[in-house]
Amino acid sequence: MTSNFYRRDTCRLCSGKDLMRVLPLSPSALCDAYITKEHLHETQELFPLELFMCRECGYVFLPYVVDPEVIYRDYIYVSTSSMGLADHFGKYAAHVHGRLKLAAGDLAVDIGSNDGTLLQAFKKLGMQVLGVEPAREIAKSATDRGVLTLPEFFDTPLAVKMAREHGKASLITINNLFANIDDLQEVTRGVSELLAPEGVLVIESSYLADMIQNMVFDFAYHEHLSYFSLKPLVSFFRRFGLEVFDVERVGTKGGSMRYYVRKAGGKREVSSAVAELLGYEERLGLYGEELYLKFRERIDDCKKELIELLQRLKSEGKSIAAYGGSATSTTLIYHFGLAPFLEYIVDDNPAKQHTYSPGYHIPVLPSAELYNRKPDCTVVLAWRYCEPIIAKHKAYLDGGGRFLVPIPRMRIIDSAAAGSGSAN
Ligand SMILES: [Zn+2]
């Protein structure tokens, strides 16, 4: 089989060569590559999954880059299909629009605009909008719905063409996609080209410090090439004549950060939040080795505790299912070695039901199967959402079922525990 990935040997941000391995996870199949029955006979390729830190600038990243054509051209993820995201983008647009005092008729560009949900919100606020989205079908549906969307990968030639045809942008947004881009230098050159003199680039992305503090290591998967924090971004943008002038914490995706970037020497004031966050990162030890050693120990402890419990349950003849068929579940299944224990996975998303998990091909079924098949125990792979899952399936617990929540520490939730509120 031809390999669809390559390994970078330099830092994506500063091109430094002094890299330190900080989080070795088990190799896994592409985390969102759930397959249909017709593809069951196919073996899915495994890719290494290890995070490195650049000792020169502090950037944490995945050096293994799977061909984006393989990952994105048939991407089925559409933002309106994800509950809460449309609402989040509506608030995002209103906040950023007010915060930056954007004017009617100013151009907003969203890179990785998906189905245009965010741009719709900026359009309602009177802005001109333009999307860039390489998934062709999704780009076309956004254009059909009134948000002109270019079906391309963003780079400098495209930026030059966009500026010529549509004018310079007062606002460029790149949300979670920024962490999925391999050639960040090229994209940032393009941004610099497209941005108006007083224009602002806003990036929202999962925040490395929160990922560690909240034990969200399963957020590491092949689509996520970067695990951003402030310090390396400050020096990175400086090299392109850009400057981070404000940062804001955002509660989505287990802890995200919003970075505001302007042209260096621009009129917008630099917020004290920038220096405060840099101080926090230093105090936390985000750029040293020790924090990561402790992080790995905590992950290993969770793994050991869960596996011992599953071995015991299995030896007692108990039936074991899992809850949550998302990308993060795949990292968890591979890194913890859960596949031999799980008979099936249940998921509430109809697009995932009746598919098979990446690599191991564990069947994914509707959550109603908790009541038909009555598994003795269900491992909550979607552990970050365990509270709503427990609340929704109290009847499963009342019928004798148990939820095993493995992270951030092992908890066994039965009917009594859920009823007494100790699930919190
Ligand atoms: Zn670096």
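Okay, the overall build of the chain next. Counting its secondary structure elements, the chain contains 15 helices and 19 strands. In terms of overall size, the chain behaves like a compact globule, its C-alpha atoms giving a radius of gyration of 22 Å where 424 residues would be expected to give roughly 22 Å. Its C-alpha atoms put the chain at 70 × 50 × 50 Å along the principal axes. When burial is assessed residue by residue, the chain has 56% of its 424 residues classed as buried. Nonlocal contacts in the chain, meaning residues at least 24 apart in sequence, comprise 68% of its contacts between residues at least 6 apart. Per element, the accessible surface of the chain, about 18,000 Å² overall, is 52% carbon and sulfur. The centroid of the 48 positive side-chain charges in the chain is displaced by 3 Å from the centroid of its 53 negative side-chain charges.

Take the coordination of the zinc ion next. In an ideal octahedron of six donors the angles at the metal are 90 or 180 degrees, and in an ideal tetrahedron of four donors they are 109.5 degrees. Protein-derived coordination of the zinc ion comes from Cys 11 (SG), Cys 14 (SG), Cys 54 (SG) and Cys 57 (SG), at a distance range of 2.3 Å. Each of the four donor atoms around the zinc ion contributes to a set of angles spanning 102 to 116 degrees, which defines the coordination as tetrahedral.

On inspection of all chains with the given rule, the structure shows one cavity of 30 Å³ or more. Considering only enclosed or pocket space, the largest cavity measures out at about 30 Å³ in volume. In terms of lining residues, the largest cavity is bounded by Asn 176, Ala 179, Asn 180, Ser 205, Ser 206, Phe 219 and His 224. In terms of residue class, the lining of the largest cavity is built from two nonpolar, five polar and no charged.

The next point concerns the domain arrangement of the chain. By a widespread convention, an interface's size corresponds to the accessible area lost as its parts come together. If you check the domain split of the chain, you get domain 1 (79-288) and domain 2 (297-420). Counting residues at the interface gives twelve residues for domain 1, matched by 14 residues for domain 2. Roughly 1,100 Å² is buried in total at the junction of domain 1 and domain 2, and carbon and sulfur atoms are behind 68% of that figure. Among the residues domain 1 hides against domain 2, the three largest losses belong to Met 215, Phe 217 and Asp 218. Together they make up 64% of the total. Across the domain 1-domain 2 interface, the total number found is zero salt bridges. Our count for the contact surface shared by domain 1 and domain 2 stands at four residue pairs in polar contact (both at pLDDT 80 or more). Of the residues in the side of domain 1 that touches domain 2, the class split is seven nonpolar, three polar and two charged.

Further remarks concern the layout of surface pockets. Put simply, the second largest pocket is a space of about 370 Å³. What lines the second largest pocket is a set of 24 residues, among which Pro 68, Phe 153, Asn 180, Ile 181 and Asp 182 lie closest to the centre. Counting residues per element, the ones that place at least two in the lining of the second largest pocket are strand E5 (64-66), helix H1 (68-72) and helix H6 (184-194). Top contributing element to the lining of the second largest pocket by residue count: H1, with three residues. Grouping the constituent residues of the lining of the second largest pocket by class yields 14 nonpolar, three polar and seven charged.

Among the six residues in strand E9 (residues 169-174), six count as buried, and that is most of the element. Here strand E6 (residues 107-111) runs beside E9; their pairing, made up of four bridges, is parallel. Residue pairing for E9: Ala 108 is matched across the bridge by Leu 171. Both E9 and strand E10 (residues 195-206) contribute to a ladder of five bridges, which runs parallel. Within E10, the position partnered with Leu 171 by the bridge is Val 200.

Our next topic: the sheet that holds strand E4 (residues 60-61). In spatial order, the strands read E2-E3-E4-E11; together these four strands make up an open sheet with antiparallel pairing. Strands with a single pairing partner mark the edges of an open sheet, and in this sheet they are strand E2 (19-29) and strand E11 (226-227). With two bridges joining them, strand E3 (residues 46-54) and E4 adopt antiparallel strand pairing. Looking across to E4, one finds that Met 53 is bridged to Val 60. Against the sheet, helix H11 (residues 327-336) contacts E2 and E3, and its axis sits at roughly 95 degrees relative to E2.

Following the criterion strictly, the structure yields 21 salt bridges and no others. Glu 290 is paired through a salt bridge with Lys 294; the nearest N and O atoms lie 3.3 Å apart. Linking Glu 290 with Lys 294, this pair stays in helix H10 (residues 290-315), spanning four residues, or about one helical turn. Salt-bridge contacts for Glu 316 lead to Arg 312; the nearest nitrogen and oxygen are separated by 3.5 Å. If you follow the salt bridges from partner to partner, you end up with Arg 8, Arg 12 and Asp 182 in one network.

Here the focus is the sheet that holds strand E13 (residues 256-263). Strand order across the open sheet formed by seven strands is E8-E7-E6-E9-E10-E13-E12, with mixed pairing between neighbours. Whereas interior strands pair on both sides, the edge strands pair on one side only; in this sheet they are strand E8 (149-150) and strand E12 (242-250). By the bridge criterion, five bridges tie E6 to strand E7 (residues 128-132) in an arrangement that is parallel. Its bridge partner being in E7, Asp 110 is matched across the sheet by Gly 131. With respect to the sheet, helix H5 (residues 156-166) is in contact with E6, E7 and E8, its orientation differing from that of E7 by roughly 155 degrees. Helix-sheet contacts for helix H8 (residues 230-238) involve E10, E12 and E13, and the interaxial angle to E12 is about 155 degrees.

Basis of the calculations
- Residues numbered from 1 in each chain as written.
- Predicted model: local features only at pLDDT ≥ 70, side-chain atom pairs only at ≥ 80, totals over all residues.
- Heavy atoms only, no water.
- Helix = DSSP H or I, 4+ residues; strand = E, 2+ residues; numbered from the N terminus.
- Rg over C-alpha atoms; globule rule 2.2 N^0.38 Å.
- Buried < 20%, exposed > 50% of the residue type's maximum accessible area, 1.4 Å probe, protein only.
- Contact = heavy atoms within 4.5 Å.
- Areas by Shrake-Rupley, 256 points an atom, 1.4 Å probe, with all protein chains shown as cover.
- Lys, Arg positive; Asp, Glu negative; His and termini not counted.
- Charge placed at Lys NZ, Arg CZ, Asp CG, Glu CD.
- Donors = N, O, S within 2.8 Å, 3.2 Å for Na, K, Ca; no water.
- Tetrahedral: all angles 85-135°; square planar, octahedral: opposite > 155°, others 65-115°.
- 1 Å grid on protein atoms, 1.4 Å probe; cavity = no way out; pocket = protein on both sides within 12 Å on 5 of 7 lines; lining within 4 Å.
- Points joined across faces, edges and corners; volume = space filled by probe spheres on them.
- Nonpolar A, V, L, I, M, F, W, Y, C, P; charged D, E, K, R; others polar.
- Domains from an automatic or database assignment.
- Buried area = accessible area lost by both parts, 1.4 Å probe.
- Salt bridge = Lys/Arg side-chain N within 4 Å of Asp/Glu carboxyl O.
- Polar contact = N/O pair within 3.5 Å; in protein donor to acceptor, adjacent residues only side chain to side chain.
- Pairing = 2+ DSSP bridges.
- Axes fitted to C-alpha atoms, helices over the stretch in contact; angles between N-to-C directions.

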